[in-house]
Amino acid sequence: MTKYIGIIVLLFSFNSCIEEIDGLSNTPEELVLHCYISPSDTLISAVLSRATSFAMNEIKFNDLFVKDAHITMSDGNLEKQLVLNPKNNFYEFKVSNDFKIEKGKTYSIKAVAKDGKVLTSSCTVPLKSIKQEEIEVEKSFRGSDFVDIRLKWPSNRTSFYVLRPYFYYSGIRSKNLPTSHTIQFFSGADIESDKITSNYFTNDLINNQRRNIVFLYVADENFYTYSKSTELNSNNQDDPFAQPVNAKHNINGGFGCFGAYYTIRLDLDF
Amino acid sequence: MKWIVVAPVVFFSFINSLFGQNITISGFVREQGSRESIAGAIIFNADLKIASHTNAYGFYSLTVSRADTIDLQVSLMGYQTLLINVAARKDYKMDVSMAPLSLELETVTITSSEQEKKSLSPKISTINVPIQHLKDSPSLLGEKDILKAIQLLPGVQSGTEGSNGLFVRGGGSDQNLILMDEAKVYNFSHLFGFFSIFNGDALKCLEFIKGGFPARYGGRLSSVLDVQMKEGNKSATHGEVGVGLISSRITLEGPLKKDKSSYIISARRSYPDLLLSLAKTPSGASLKSNFYDVNAKVNFELNKNNRLFFSTYLGKDNLFERVNKKGDEYRNMGFSWGNKTGTLRWNHLFSPKVFSNMSVIYSNFNYELENTIGSSSQIYSSRLNELSLKYDFDYLPNAKHDIRFGINLSRLNFVPNSAAFKEDGVPDRQEIERVNAFDGAIYVEDIYTPTSKVVINYGLRLAMFAPSQKTYTFVEPRLAINYNFIKNWSVKGAYSVMNQPIQLLTNNGLGLSVDVWVPSTPKIPPQNSRQFTFGLTRDFTEKKFSIELEVYSKRMKNILSFRDGASILSLVSLFRDRDFTSARILWEDLSTYGVGNSRGLELFIHKKTGKLTGWTSYTLSKTIYQFQELNSGQRFFPIQDRRHQLSMVGGYQHSKRVKFSANFVLKTGNPVTLPKLSYDKFNIDPFTNRPTASLAVIDYGNQRNDSRTPIYNRLDLSMQLIKQKKRGQRTWEFGFYNIMGSKNVFSYEVNINGKFNENKEYIRTKTINAASLMLFIPSISYSFKF
């Protein structure tokens, strides 16, 4: 957005101004709950934070966390309390034999804030995942800047996928830090006979001899929908042509997401 | 081809025999000196109280009872009224020359003709503003822009500050049929939409219709802007040169063969790139932006019954941002867009009562977005071509009927998406999708005057649109009635059904001309509207002004919009990623359609002659849209909804040498969706499997466009100093756009950032900024007419 406005403002540079808006209405705060569960988890974490009004220009990041809530998770039989870890402000509990995350099972979460606000949600862990060794990977290049990867797996698996490609620079630019590509989403018609095709821009992949890592999330609908809608919400903040779009939450009484997923890591060396 | 001539002759001879022993006086009305044909002139017989109007080509035909002689009055505002005594024993062909009124004569003439009164015209929701008045009104940076003036008419809303968006009676920006010499213009913007493609020097007249549409027009829901280019002076060579802050222009016109044929060519070239090259963006990029356009026309009077015209428009805009990096690497971002039109017309007089015009019309619009990094380029483009054949007849059997009918056949070729990639200068172009469509219509309408107090324009338009796999057919009845119940007073009513099978996939953003024209498809139905209009008109003949009060109700169906969150950049990003499979289907999947309802009251006080000319308009309106897939199915105000708009446009001719003009606009702000809350999204870090703050999410509340920008107000002033020189007339114009420096909001910008404070605590910061453009823009321009 800034770029386009900037160009136009520059055109009328002697006769334009950009001013901060005062007097915005102070929309009441909302609570935001994020919690994602996976059968491979050993530690379950939930984050309870605040969505604040634009009338509030500055706020300490640390103060965005709600630290005095009571959060519990239930698998229908047992209930576990998540306890605040003051080091990172996450509410956590360690997975044990009597309460673990299992495929096909439905879990619910409840957060009660000190002021009495209650947030609830539930999610079901996808019944079937894909094993890493079941995935066939095909990769090819277009020019020196694009790579296509095609992932295939046996049929009748869950229908929501989130793909997060990362790459590592090598050579003189190497900092051993992964750089993420655009997150991609696949569901329904995007998946052709249990195959997804992803392509992404790598900026001279061949000459830089990069290592690519692709994380494939096999997700439940909550995780998928929230991830996709928040990416769109974020991207549209920089798109002067798009109408604003809200994220799609599955938290009753607030914002955020309670979702389930499996992760599959694929190392692709070129 | 012989049937084209023979069939109408036989048909009209038969019809003529049905009407008794009358005689017909017909001919062309032209301007004295230049011999330009004059549209809208009135030929009136006071004894019989019958009248005829010249059509767009200056042709008139008046059928009266046989008599020895008959007195005719020929009049039009801005011209000296003529009184002519004509022998009326047999059909008589009479061409008339009208002399333009000088300022002195104009101010002493009380009234030119009773028949020019708006209370006698069958036209409703139709505005004719002399081009000169539009040219005289103050303008942004001194660029004369007729569209800016049209935005000040009642019922018309602009887009963002300074832009050329045209939203008429609650309709979308694509619902306007813009015709330049009959060719459809698909994009009328120059330089981000701040200026229009219409060069006032090349234009003769315009008519703007927003309701009570005659059957000869179709294909758009909300308005018709019919612009006629000048034909060129048939007597002597003349010209005009102008130098302004944004562009320079030159116009030349003259005879090819004296009194028989003429030409006009008018060209503009902007030079903001020269100014911008002095400035750099914060990223160090240099900007270039420019536009040019050329209007040209020739016409030949082959003989008394045949005339030929060829007119063309060519225009293009370019915007480039270039970032130089170290070494040979550079980034280059740019986009360009342009229109091309061409119209070949043949006027033929079958008889004194039958005028025909056949046109072959070509229109093209295309744009291209190019992104270059190093030696690689990605180019995204979209284009639309239209080739049409029109054949229109104007048949005036007697003084009570003016029957018009015709046929229009068009072949459209859409390429909504096209991509090309260049590696080391070698292009690899992929046309993602091409849609061909056939568009056809036949119409008939009659302007019927049963008594001297009643005029009815009724008609029917049958149209079809056939893209591949689907054929849509439309039946469009049209009706407009004028009842002159007391002298100088009339009530009017109109009903029209309109359909629009071609639509613009657009985001209501900055109007950067990157919108995509798409056809209706089996998935995307054509837009449709039904509009009722009622009006009351009062002429004040002595004070030379009129007042029109109209109310309207318009229901629109199948209005096209992007789905929530989608935008034109969604398409572009797919091309960037070379995801052609998705792109092929994407524009249909990104779109959704809904309904709209607009109601309003409009007041228009118009003074066309005298020392003080101009208008005051006030609009009270409410527009609501509802889409099943937008705003959770709830109703919302679209960006063109404004409750109140007051516009005042005035020109004052102080003397022969000094002219003042002013515009004032005061209106409700436009609806906007402002952020309400924001929060940090926590994601799972795939490397650590722990939550991590990943991005800022904004919540916009539950209602789209629930806020409004502040009240908009603007005052523009200009002064012209005119001097007659030996070789011509020079004019200096000094203008001030937004002289009060009102901070009218152009757009909002949201910033969410982070920083560390002095205690090394991470602080989340967020602001909403309002960008205001054009706070006080002075301008100076010079022109010389010879």
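A brief look at the structure comes next. (Residues numbered from 1 in each chain as written. Chains lettered and ligands numbered in written order. Predicted model: local features only at pLDDT ≥ 70, side-chain atom pairs only at ≥ 80, totals over all residues. Heavy atoms only, no water.)

Digging into the overall build of chain A
Step number 1: Helix and strand counts for chain A come out as three helices and 17 strands.
Step number 2: Evaluated residue by residue, chain A yields a buried proportion of 51% over its 270 residues.
Step number 3: Long-range pairs, those at least 24 residues apart, make up 62% of the contacts in chain A between residues at least 6 apart in sequence. (Helix = DSSP H or I, 4+ residues; strand = E, 2+ residues; numbered from the N terminus. Buried < 20%, exposed > 50% of the residue type's maximum accessible area, 1.4 Å probe, protein only. Contact = heavy atoms within 4.5 Å.)

Quick notes on unusual backbone geometry
Keep in mind that most residues, glycine aside, have a negative phi and that most peptide bonds are trans.
Residues and elements named next belong to chain B.
Step number 1: Positive phi outside glycine occurs at Asp181, with the angle close to 50 degrees.
Step number 2: Structurally, the position occupied by Asp181 is in the loop between strand E12 (176-180) and strand E13 (183-184).
Step number 3: A positive phi is found at Ser632, a non-glycine position, where the angle reads about 55 degrees.
Step number 4: As for its position among the elements, Ser632 is in the loop between strand E37 (612-627) and strand E38 (635-636).
Step number 5: For Ser632, a relative accessible area of 68% translates into the label exposed.

Quick look at helix H3 (residues 221-236) of chain A
Every α-helix carries 3.6 residues per turn, so stepping three or four residues along brings you back to the same face.
Step number 1: Between its terminal C-alpha atoms H3(A) stretches 22 Å, which fits the 22 Å expected from 16 residues at 1.5 Å a residue.
Step number 2: Turning to H3(A), its buried residues number three or more, namely Phe223(A), Tyr224(A), Tyr226(A), Ser227(A), Ser229(A), Thr230(A), Glu231(A), Asn233(A), Ser234(A) and Asn236(A). (Expected span 1.5 Å × (residues − 1).)

Observations concerning the sheet that holds strand E9 (residues 126-127) of chain B
Strand pairing in a sheet takes place through backbone hydrogen bonds and is either antiparallel or parallel in direction.
Step number 1: Spatially, the five strands line up as an open sheet ordered E9-E16-E17-E12-E13 (chain B), and their pairing is mixed. Of all strands in the sheet, those with a lone pairing partner are E9 and E13 of chain B, marking the two edges. (Pairing = 2+ DSSP bridges.)

Some remarks on the pattern of salt bridges
All names here are of chain B.
Step number 1: Within the structure shown, the criterion is met by 39 salt bridges over all chains.
Step number 2: The salt bridge partner of Asp392 is Lys390, with a shortest N-O separation of 3.4 Å.
Step number 3: Look at Asp392 and you get buried, because its relative accessible area is 13%.
Step number 4: Judged by relative accessible area, Lys390 falls into the buried class, the value being 17%.
Step number 5: Within the structure, one salt-bridge network assembled from shared partners comprises Asp181, Glu182, Lys297, Arg345, Lys390 and Asp392. (Salt bridge = Lys/Arg side-chain N within 4 Å of Asp/Glu carboxyl O.)

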